[in-house]
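This is what each chain is made of:
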Amino acid sequence: MKMDGMTIRHASAMPAPTWSWLKMNDVTVKIPDGLERTCQVEIEAGDTLDNTTSFESAIARLQERLDAERSDARADSRAICVAATRKDKGAEDLDVPALSSYEKRAALSEMAGDVAADFETGIGINARAYLNFLAGGTAVLAAEAGETEQANIRVTAENGTASGASVDIIAEDGATFAVTISLDSTAEQPTFMGSTLRVFAGRGARVDLTVYVTASDAVTLMEDSGFVLDEDARVTVRHVVLAGGFTATGLAADLRGDRSRIDVETSYLAAGTEQRDFNYVIRHRGRKTLSNMDANGVLTGSSKKCLRGTIDLIHGAKGAEGAERETVLLANHGVDNKTIPTILCDEDDVAGNHGATIGHVRPEQLFYAACRGLSQEQTEALFLSAKLEDAALRAPNDAIRAHVVRLGNQIVPDFEEEIA
Amino acid sequence: MAKNRTEVADIDRSLYDFSYGEEGFERLDAGLTPDIVREISERKNEPAWMLERRLKSLEIYHNTPNPTWGPGIDGLDMDHIVTYVKPNTDQKADWDSVPDDIKNTFERLGIPEAERSYLAGVGAQYDSELVYHNMQDTASKMGIVYSGIEEALHEPKWEALIREKFMTLIPPTDHKFAALHGAVWSGGSFVYVPKGVKLDFPLQSYFRLNAAGAGQFEHTLIIVEDDADLHFIEGCSAPKYNVANLHAGAVELFVGKRAHLRYSTIENWSKNMYNLNTKRARCEEEGEIEWISGSFGSHVGYLYPMSVLAGRKSRSSFTGITFAGAGQNLDTGCKVVLGAPDTTATVETKSISKGGGISTFRSSIVATPAAEGSAASVSCQSLMLDDISRSDTIPAMDIRAKNVDIGHEATIGRIGDDKVFYLMSRGMSEEEARTMIVNGFANPVSKELPLEYAVEMNNLIKLEMEGAIG
Amino acid sequence: MSATPLLSITGLTASVDEKTILHGIDLDVAAGETHVLMGPNGAGKSTMGHVIMGDPVYTVNEGTITFDGQDITDLSPDKRSRAGLFLSFQAPVEIPGVPLSSFLRASIAGRPGLEMKGKEFRRRVKELAAELDMDTAYLNRELGVGFSGGEKKKVEMLQLLLLQPKLAILDETDSGLDVDALGVVSRGMDAYRRSTDGSLVIITHNTRILEHLEVDRVHVMVNGRIVREDDASLIPWIDANGFDSFEREAAEQLAAGESR
């Protein structure tokens, strides 16, 4: 049965919006008309497939503990909280600031301390609902306390289909869970694919997620995820987005437990008229939480990219540190690169920093490469091929590596032989 | 040292607090109507084209929603605007009505008596009129025009030029308060620097009297022709006291080829103010605009000076500081458009939050496909003085040219306890130590100001920090 | 010694930001020779290396550079590299996003006799890494990013050995200070001399790096001018006396020149 096309507005919205004329606050995802709903998803999960636990119950247990811990906490009397809970009195009360709608939402969420209500995914609720509909149900994969587990999720889509996966990952206290997701398609006509993921990392648990996107330029794609981290949990994420007509990558993480940590590494390429969209939202709620976001990309042709990265240092996250960095190489005239690295901060004992470097290869890099015999064109091409080589070398399994090699052979002469 | 953290309490706000009773205003029930706008225009005896633009702006104003991304402005009673703008409104402000606290603040900032009443925005003025005339004389001998914009509008020689430039950089469609400004603007400065003329002392706007209004909706139009050079200083670091609590001014700066303009402002409004000010400069080939901007005071602030680099090799630099204390939500930053080859822009900002105040640094750097060979660097640092305040950094970059270098760095944090301890171990009180560190943090801005302003700004920071340690 | 030198610099004057740094330099290096360019800090030695290699930061105002029978004065650095010139940097430039191995492969691509494919390339690079006692894990790391001083030096020497240039200029101005780096460079130079008959120009102000090295010619540079040229016997003399006398002479000559 063919489905009607659909438009998801305000997807991947950043928490604190800015001027709308910049058209960077969110993205509109257009799902092509006339696609056939299929579920081409393979999950290789060993014995982690689990019907006895759920993401909701994991959150509920965490909430219970947090509530017990803060039962004797005094009501928050900060001016920001006063402002959030009453009508704006303007300049009549000079002690209370006038809040933006975002600041108001943030203060209310801080005061409520409701893990389930705060849960979010990077692209957002509408995208998640659509992907859940495509998937037809959510697979729950769990690593029991102290165990080490692994799972591979493969999503493919054929010409004219819409295919999606929905998975919950639960790493109980002290467990280690390595998960890979491959979103791959060689479709030549409009096609949609995606995945949505909820991850709970219990106390001291470790979750490593690697996502490779190697879809053709006919594909519209959404890769959506949301994380909740308990005390001392550690999550690493690697997003490798090498191809795809329109791709939206969204990640939201709630560093709820003290000393929890997330590291996100993003590597992307866009060529032709492709479009990349990334939305990262890292909420530091626990003490001494750490986050790192590091993105590195190359844009060629007339491709477009927007990366929103938000580090949110929430009141109470004493000793938290968040850092984000992006390096983008613009290899052609006509590319459009949008970057908005945001730091929100409602706490003083924190450190936040971000940096972005956008542009061409720096003169000293060009000179160095030239001293080794590379012209400017060759050096620029090197950045592109290096990205593919790196993706192939670090591919988590043979299937994914084969997808990268397929792409590499289209772009780099002798790619397969070079990395063999 | 005691283990307990010392609270950074707010300064004695009564320094700035004062309000008019409702009876001070002639309250009108109707909102802003075309009739009121016509009345304003008629009163000013303006050319017909200006009335037309006002009416057009009014229409845009009524059709434009409030901004949704910035600090709340629900508390701003827009019906009051009528009372600010009605020509017959008796502002009933005089020096005697200025609270003693404000007068004391002037004293403590070291501002000469003669300037205080003007700074307070209460009209009557003494010796500074003389200062203004002296300044005007010297400038006019060089061919520079420095006058009220309304006066200039009555001179046929300048009317055509004003008509050509007025609200072209900041069109009323830009945002709701630009539209409001276009409809009800009143007073402000007009500066024209002819080709090749370089003025070696700054023109200072606060010396120029503007009897009709206390700078609520003033319009500043500055044209610096090719190869000319000007430094213009707007306002100063003393609190600007106004009868009304909305300020929606507009500043339009035109910088010619190889010309240079430095525009310095320390805006320090009384703390009941909604400051929604718009400033914009356009630079032609090899022209340069330098912004020095300090934002203090006001309840809500929206302020983002913008540079449009329209000519090859034109340049912009922005140096700014924002200090948000209790009850303040200051949303400040800047915008740059790299619109031609080989342009360069630098942005360096500092923001300080304290006592429950909120400061947001917001910026945009846009490089159009024409900006080949351009470079921009943005650096912003935020300092949190306590854990009840808030500080956000929202910098956007949209880069569409290939051979460009765009760099961005931002950090946020607090004063290191080790630094405070070090200074205290050398005999400073905690308050002195913190004040010294904050002044050092602000130094990149104050060092760009003329000495007397730098001193005033440092004193202002000291005042803000005073009583900060329990 | 062959009649036509491999590298011949004549009357070279170069500047940066309208400030002249090199004043009328003449220098010849024959094939297979080892030359040393010495001088106090700020003499222009590193600039000299960069100008020979064609760094666009510097402007050549006068003079010519001939290499292997070809006037290369106006050639871009990549073409000079492919002609057989090599300049080692005190440290490689950081190039995030580009693994060292990808960079190396690109640098030999299209060079006759050097180009290698897949396995052969990896074998060769591993061999050279072993020779320099370099951990092969670095090959998959981003060029220069997070490398220690010794590792950075190894990257430079690895490229020297991989590219087998006809003439290598080693800018070792800082190496004298770092024992590890010094060892790496010595090993690199030895291996280079063993495997090719290439020429060497070593830029340094520290003689330690020259121990166990057969030096054919020493050039002393002060204030952007070559003030003294001699054979290897000059090295122990400089070791004992430093550059003071050269600097004094240069200052006197300059004063005399001005008073005339």
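None of the values given here were measured: they were computed from a predicted structure. (Residues numbered from 1 in each chain as written. Chains lettered and ligands numbered in written order. Predicted model: local features only at pLDDT ≥ 70, side-chain atom pairs only at ≥ 80, totals over all residues.)

**Comments concerning the interface of chain C and chain A**
- The partner chain A presents 25 residues to the 29 residues of chain C that form the contact.
- Sorting the residues of the side of chain C that touches chain A by element identifies α2 (77-83), β7 (95-99), α3 (100-108), α4 (118-131) and α5 (149-163) of chain C as the ones contributing at least two each.
- Class assignment of the residues belonging to the side of chain C that touches chain A gives a composition of 14 nonpolar, 8 polar and 7 charged. (Contact = placed C-beta atoms within 7 Å. Helix = DSSP H or I, 4+ residues; strand = E, 2+ residues; numbered from the N terminus. Nonpolar A, V, L, I, M, F, W, Y, C, P; charged D, E, K, R; others polar.)

**Quick look at the sheet that holds strand β10 (residues 199-203) of chain C**
Residues and elements named next belong to chain C.
- A sheet is described by the order of its strands in space; here 6 strands give the open sequence β6-β9-β10-β3-β11-β12, paired in mixed fashion. Only two strands of the sheet have a single neighbouring strand rather than two, namely β6 (85-88) and β12 (225-230). Looking at each pair of strands side by side, their axes are set apart by 20° on average, direction ignored.
- The pairing of strand β11 (residues 217-222) with β12 spans 5 bridges and is antiparallel. Counted as the bridge partner of Val-220 is Arg-228 from β12. (Pairing = 2+ DSSP bridges. Axes fitted to C-alpha atoms, helices over the stretch in contact; angles between N-to-C directions.)

**Looking at the interface of chain A and chain B**
- Listed by partner, the interface residues are 51 residues for chain A and 56 residues for chain B.
- Of all the secondary structure elements, the ones that give two or more residues to the side of chain A that touches chain B are α2 (79-84), α3 (101-112), β20 (336-345) and β21 (351-359) of chain A.
- Per-element accounting of the side of chain A that touches chain B gives the leading share, 10 residues, to β20(A).
- Of the residues belonging to the side of chain A that touches chain B, the class tally is 23 nonpolar, 17 polar and 11 charged.
- As defined by bridge partners, β21(A) adjoins strand β19 (residues 405-414) of chain B across 8 bridges and the pair is classed as antiparallel. Along β19(B), the bridge assignment pairs Ile358(A) with Ile406(B).

**Let's talk about the environment of Lys176(B)**
All names here are of chain B.
- Its place among the elements puts Lys-176 in helix α9 (residues 176-184).
- Between the C-alpha atom of Lys-176 and that of Arg-414, which follows or precedes it by 238 residues, the distance is 36 Å.
- For Lys-176, the contacting residues outside a window of four places in its chain are Tyr-61, Thr-64, Pro-65, Asn-66 and Pro-67.

**Here we look at the sheet that holds strand β4 (residues 59-67) of chain C**
Residue and element names in this part refer to chain C.
- Reading across from one edge, β2-β1-β4-β5 is the order of the 4 strands in this open sheet, with antiparallel pairing throughout. Two strands in the sheet have a free side with no partner beyond their single neighbour: β2 (19-29) and β5 (70-71).
- Inspection of the sheet shows strand β1 (residues 7-16) paired to β4 by 7 bridges, in the antiparallel sense. Each residue of the ladder has a partner; that of Ile-9, found in β4, is Ile-65.
- Across the sheet, helix α1 (residues 45-53) lies against β1, β2 and β4, angled at about 70° from β2, the strand it touches most.

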